[in-house]
Amino acid sequence: AADPVMVAEIAAQGARSLSDLRAALGGYEHCELKKGARNLVFADGNPAARVWILGEAPGRDEDLEGRPFVGRAGQFLDRMFAAIGLSRDSADPATSLYITNVMPWRPPQNRDPEPDEIAMMRPFVARHIALVDPEVIVVMGNTSLRAALNTTGILRARGQWAQGFGKPVLPMVHPAYLLRNPAAKREAWADLLSLQAKLRG
Ligand code: URA
C-alpha cells in the first residue's frame, strides 16, 4: 500500500500555486477525516500578510462555511490580533493576517487530530508556507505545535520563539483554550506584544 506521507509529499511538491495546492488537497484520499467533512477548509485572509496563523482543525462553523476560524474561537482570535493592529480583512501586508489550519477537514466530534493525521498534512502545510512565504508564523495549540516543531506541551512552549518550516515560529495557546481559561489571557497578551516587537524589528 502507498505510504500516505509520501503520497502527500509528492502531491504537495507538485503544486506551483495556491490553487494547485488546494486542488492537490482536494484530491488527497488518505485522510479519514475527509469522509466526514462537508467542506475543505483551506485558508482565509491576505496571502501577502507578514504574519501567518496556523490553527488546528475546523470545527462545526468552519466546516459549514469552508473558512477557518469563523466560530467563537475565531471571533476571539480576530479580537486578539486586532489589539495589535492585525486583521484578516486588511489589504496591507503590514497589518493583515493569513489564516490556516493544519487539518483542512473537521475531525468527528472535534476530536484532536492523531499524530499520523498531522504527519500526512505536514507536507501540504510546508508547501503552503513555501508558496506564500510569510515572515513569521504563529502556531496556536498542540496540533500546530506538533506540525511546526515536532513537539507537544503548548503551555510550556508558548511565548518562546523557535524555528519551523524555515521561519521564525511563535507558539501561543489556542483561542478556544483562552475562552475556557481566562486567566491565561495575561500570558497571551505578552505573546502578542512579543509578536508586535518582532514585526517592528
Ligand atoms: N479552531 C481551530 O484551530 N481552527 C479553526 O479553524 C477553528 C477552530
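Criteria and cut-off values
Residues numbered from 1 in each chain as written. Predicted model: local features only at pLDDT ≥ 70, side-chain atom pairs only at ≥ 80, totals over all residues. Heavy atoms only, no water. Core = buried A, V, L, I, M, F, W, Y, C linked by side-chain atoms within 4.5 Å. Buried < 20%, exposed > 50% of the residue type's maximum accessible area, 1.4 Å probe, protein only. Helix = DSSP H or I, 4+ residues; strand = E, 2+ residues; numbered from the N terminus. Contact = heavy atoms within 4.5 Å. Expected span 1.5 Å × (residues − 1). Bend = angle between axes of the 7 residues up to and from the residue. Pairing = 2+ DSSP bridges. Axes fitted to C-alpha atoms, helices over the stretch in contact; angles between N-to-C directions.

Asks: What should I look at first to understand the nonpolar core in this one?
Replies: Side chains of nonpolar character tend, in soluble globular proteins, to be buried together. Ranked by internal contacts, the top residues of the largest apolar core, which has 59 residues, are Phe81, Met121 and Leu195. The biggest single contributor to this core is helix H6 (residues 115-132), with seven residues. Ignoring sequence-local partners within four residues, the contact set of Leu195 consists of Val51, Phe81, Ile84, Leu86, Val136, Val138, Trp161 and Leu170.

Asks: Please explain H6 as it appears in this structure.
Replies: Helical periodicity: at 3.6 residues per turn, an α-helix aligns residues three or four positions apart in one direction. When the terminal C-alpha atoms of H6 are compared, their 25 Å separation across 18 residues agrees well with the 26 Å that a helix rising 1.5 Å per residue should span. At Met121, H6 shows its largest bend, some 35°, and a proline, Pro123, comes one to four positions later. Among all positions in H6, only Glu117, Ile118, Met120, Met121, Pro123, Phe124, Val125, Arg127, His128, Ile129 and Val132 are buried. Looking one or two places after H6, you find Asp133, whose phi comes out positive at around 55°.

Asks: Looking at this structure, I do not really get the environment of Ile129. What am I missing?
Replies: Among the structural elements, Ile129 can be located in helix H6. Among the residues examined, Ile129 registers a relative accessible area of 1% and is labelled buried.

Asks: Please clarify how the sheet that holds strand E3 (residues 97-101) should be interpreted in this entry.
Replies: Within a sheet, neighbouring strands are paired by backbone hydrogen bonds and run either parallel or antiparallel to one another. Read across the sheet, six strands follow the order E1-E3-E2-E4-E6-E5 without closing on themselves; strand pairing throughout is mixed. Each of the sheet's edge strands pairs with one partner strand only, and the pair in question is strand E1 (44-45) and strand E5 (162-164). Pairing of E5 with strand E6 (residues 167-172), which is carried by three bridges, proceeds in the antiparallel orientation. Bridging across to E6, Gln163 finds its partner in Pro168. Packed onto the sheet, helix H5 (residues 72-82) meets strand E2 (51-55), E3, strand E4 (136-140) and E6 and runs at close to 140° relative to E4.

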